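# Summary of structural features
Listed here are the chains, written in short residue letters.
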Amino acid sequence: MMAVLMLLGLLLASAAQAQPDDFDALLDAARQQVTSAQKVLEAPLKEGADLVALRAQVLQAGSHAAEAVQALEPQIVSLQARLDGLGPPVAGQPEAPDVALLRAQLKKSRAALDAQLQRGKLIVVESEQTAGQISTLRRSEFQARLGERTASVASEPFWAELESELPGDLRRIRQALQGLREAPDKRSALIWSGVAGVLVLLLGLRIWAGRVLLNLTATRVPPGRLRRSLYAWLQVLLSCATAAVVAQLFYLGLRRAAIDSDAAADLFSGLAGTAAFAGYVAGLGQALLLPARPSWRLLPLPDALSLRLRWLPFTLAGLIMLSWAMKRLTEQANASFVATVAVDLLVALALALLIGRALLRTRRARRQALGDGGAAPWPVSPMWLSGLLVLATVVVVGCLLALLLGYVALGSFLLQQMVWGVVVLGTAYLLSVVIDDGVTALLCPNTQGQGDAAGPAPEAPEPTLLRVRRQAAVLLSGAGRLLVLVLALLLLLAPYGEGPTELIQRADQLQQGIAIGQFQLKPQALLQALLLMVLGLGAVRMVKHWLSTHFFPTTALDPGMQLSAATLFGYVGAILAVSMGLAALGIGLERIAWVASALSVGIGFGLQAVVQNFVSGLIMLAERPVKVGDWVSLGGIEGDIRRINVRATEIQMSDRSTVIVPNSEFITKTVRNVTHDNPLGLVKIMLPLPLSTDADQVRSLVLQAFESHADVLPSPAPNVQLDSLDHSGMLFNATAYVASPRMTYGVRSALLFDVLGRLRQAGVALANSPTLVLREGEQASPAPAPAPAQPPAAQPPAPPLSP
């Protein structure tokens, strides 16, 4: 047995020693990346583009080190558990050789893993610090670059310097283009012919695909906004893919027919990506404007404005391609500084003129529509939109002034950010619309198209399942749109801070968890906890519904006890579901107890009434001094108990209004429960008669009236007594019992009519100023005696509805 134990220990130790080598290599590579980044920061020359890649490299190294730390921690815990299983060595007693060998191997493995763990944590901290230094340096360089000023384009030194540097720049450009063949041969002519044929075929396929997509969305997609939003996105993606394929085909033709060197090939690298972005911009603009199909347009734009701006997306896409080509050529040719500034200036001026022309056309279209006396419809612009247009105009004018004064970097940056902001916001709008429409069509297909109907639909009772699905659709749509909004904000702020690559690195680090004190909150555990809570609460609700509708009705429990038992089951099930979710999150009962003790002071002062009502509700459900359906009277409030909730109880009055009473009122105050333990209802009639009346005859007539009524109980038997006798007359007291206090008012009224009729037929007259009084007796009385002239005021509440 000891030999087998030693063999297993050696195998485990060797397995544990095999992994540290891999971790050593991973940590060494991460250390080398962080160290190289720190050396670059110490160098005097730092380029902004290099800093972006350098920061991404440091974040990646920190992410790898964090992954190693996360993988090492459970191994260390496992080794420590094995050492604890061996127990401490006994002092003064030699240990068996195999056990001693096993203990030494485990300690050695744990020490090696501890060292790697400390190294990994140190690399993570150093990577975060280095990334922070790079971010600070990038911000300072960004601010310095925007504030940099060159010679004004209107000044003579600018053109003099450009003229002096122009011959050298042209020479360097010719050297960069030396890899291109000047005279095409037969082979290149054949290749270009093939490229041209494929381009024509692609354009034909593009037109055919557009028509097919329109037909599919119009016939296969359910009616509603989903057709329009899906068609818009298909147009955007089709335009982007077409531009990328055409550019890649052109690049392949250049490589085969006109490029002889790698330097010339590098000049056109990135052509497909830039063309894809330009095609995306053109497709996005066309999808938002849709001048040819106004009924499919998502934005509430006037047709006149859409037609006036239909040239803008394609012109902007062409300007993007032209600016990329010019900047790429100056970079590859290593052109002079003044040539680079001139190229940036030309691109910025073209962009400013393009945006200014679009704004001017928008104002002219609005002025023309309003000047025609409303012949062309123009929607009322909200204040924020008008202010945004004014701000855009001011920014364009300011950028033109900045370009003319020599602040080329600032003016170019602002104009590019305007275009980038429009592209991001347009994309976010389309994504939000398609998410909303898609979720609504999936969960509530019958509601699609209601927003386009003329006039609101008539209100009707909504089924529970449809209401739940509608709520789920609203929640999912809101979550998706919130995610789109966050991504849009990150993209808008990317030029001022972290780029997409760094954001992805940050998101990768979030998978390792966020430390909150000694608790590690991990996204996977959070999702698992939420899933367990949702499934647990759903299961509890289903079982509670089954108990209420199927099981409890087959038992001998009364409806109030059935509701109480179902409510208690719901409370217990909800507590268990939440406990399971917290356990999956890593929060044990000891942490919950610590939090509860820490919050006990706040609960004692701020939530005392809430806790008191909650505990009172549990006592009411357990002891059942009152139950659902009881007729109670509490502090001037009298009615039927309709529902016992966690904090309060609902009481329905006789006028069908509902009173919310805190549960503690039923525990701390005196409550009159009229229907407790199924009591009988007592009907009492007081008859004042003259002294000349035959008392035996009256007694016989009243008893006959009681016996003839079907609701009067034979046991206890009805009784008629002579209550008093004086000079004004005799007073008879007639009593009878009914099955429930709720029946006393109706039975009393019927008996009064019957007794009056019998006395009139017998020729018995009532005393002067007759008074008929009915009281529901002291022991079984559910309500005070009403005045005869106002019987509805004392009418007892209607029987409770089924819970």
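This section reports on the structure supplied with the text. Every value quoted in this text rests on a predicted model; they were computed, and no experiment measured them.

## A word on the packing of helix α22 (residues 695-708) against helix α23 (residues 744-761)
Here α22 crosses α23 at 140°, and the two axes come no closer than 10 Å. Classed by the angle they form, the pair α22 and α23 counts as oblique. In this structure, the crossing between α22 and α23 has a hand that is right-handed. Between α22 and α23, the contacting residues are V698, L701, V702, Q704, A705, F706 and S708 on the first element and L751, D754, V755, R758 and L759 on the second. Along the lines of polarity and charge, the residues of the contact of α22 with α23 split into 8 nonpolar, 2 polar and 2 charged.

## A closer look at the packing of aromatic side chains
Counted by the stated rule, this structure contains 5 aromatic pairs. Where W546 meets F551, the ring centres are 5.9 Å apart and the plane angle is 15°; that geometry is what we call stacked. With a centroid separation of 5.7 Å and 55° between ring planes, the pair formed by F551 and F552 is classed as tilted. Here the guanidinium or amino end of R357 rests over the ring plane of W311, the centre of that ring lying 4.5 Å away.

## What about the pairing of strand β10 (residues 729-738)?
Within β10, 8 of the 10 residues are buried, which leaves it mostly tucked inside the rest of the structure. Pairing between strand β8 (residues 681-689) and β10: 9 bridges, direction antiparallel. The residue of β10 that forms the bridge with V683 is A736. Where strand β9 (residues 719-726) meets β10, 7 bridges bridge the pair, whose relative direction is antiparallel. Following the sheet pairing, N719 is matched in β10 by T735. Turn length for the β9-β10 hairpin, with the two strands adjacent in sequence and antiparallel, is 2 residues.

## Regarding the nonpolar core
Ranked by internal contacts, the top residues of the largest apolar core, which has 41 residues, are I355, L415 and L430. Broken down by secondary-structure element, the contributors of at least two residues to this core are α4 (156-176), α6 (225-257), α8 (271-289), α10 (312-333), α11 (337-371), α12 (383-405) and α13 (408-443). For this core, the leading source of residues is α11, giving 10 residues. Counting 22 residues, the second largest nonpolar core, distinct from the first, contains L689, M730, F732 and V747.

## Quick look at the pairing of strand β5 (residues 648-652)
Across the 5 residues that make up β5, a large majority, 5, are buried. With burial as the criterion, each face of β5 is covered, one bearing A648, E650 and Q652 and the other bearing T649 and I651. When strand β4 (residues 637-644) meets β5, the two strands line up antiparallel, connected through 4 bridges. Its bridge partner being in β5, I644 is matched across the sheet by T649. Two successive antiparallel strands, β4 and β5, enclose a turn made up of 3 residues. The sheet contact formed by β5 and strand β6 (residues 658-662) spans 5 bridges and is antiparallel. Looking across to β6, one finds that I651 is bridged to V659. From the end of β5 to the start of β6, which pair antiparallel, there are 5 residues, and R656 there has a positive phi angle of about 70°.

Rules behind the numbers
Residues numbered from 1 in each chain as written. Predicted model: local features only at pLDDT ≥ 70, side-chain atom pairs only at ≥ 80, totals over all residues. Heavy atoms only, no water. Axes fitted to C-alpha atoms, helices over the stretch in contact; angles between N-to-C directions. Helix = DSSP H or I, 4+ residues; strand = E, 2+ residues; numbered from the N terminus. Parallel < 35°, antiparallel > 145°, perpendicular 65-115°, else oblique. Left-handed = near helix turned anticlockwise from the far one by under 90°. Contact = heavy atoms within 4.5 Å. Nonpolar A, V, L, I, M, F, W, Y, C, P; charged D, E, K, R; others polar. Phe/Tyr/Trp six-rings, centres within 6.5 Å; stacked < 30°, edge-to-face > 60°. Lys NZ or Arg CZ within 6 Å of the ring centre and 35° of its normal. Buried < 20%, exposed > 50% of the residue type's maximum accessible area, 1.4 Å probe, protein only. Pairing = 2+ DSSP bridges. Core = buried A, V, L, I, M, F, W, Y, C linked by side-chain atoms within 4.5 Å.

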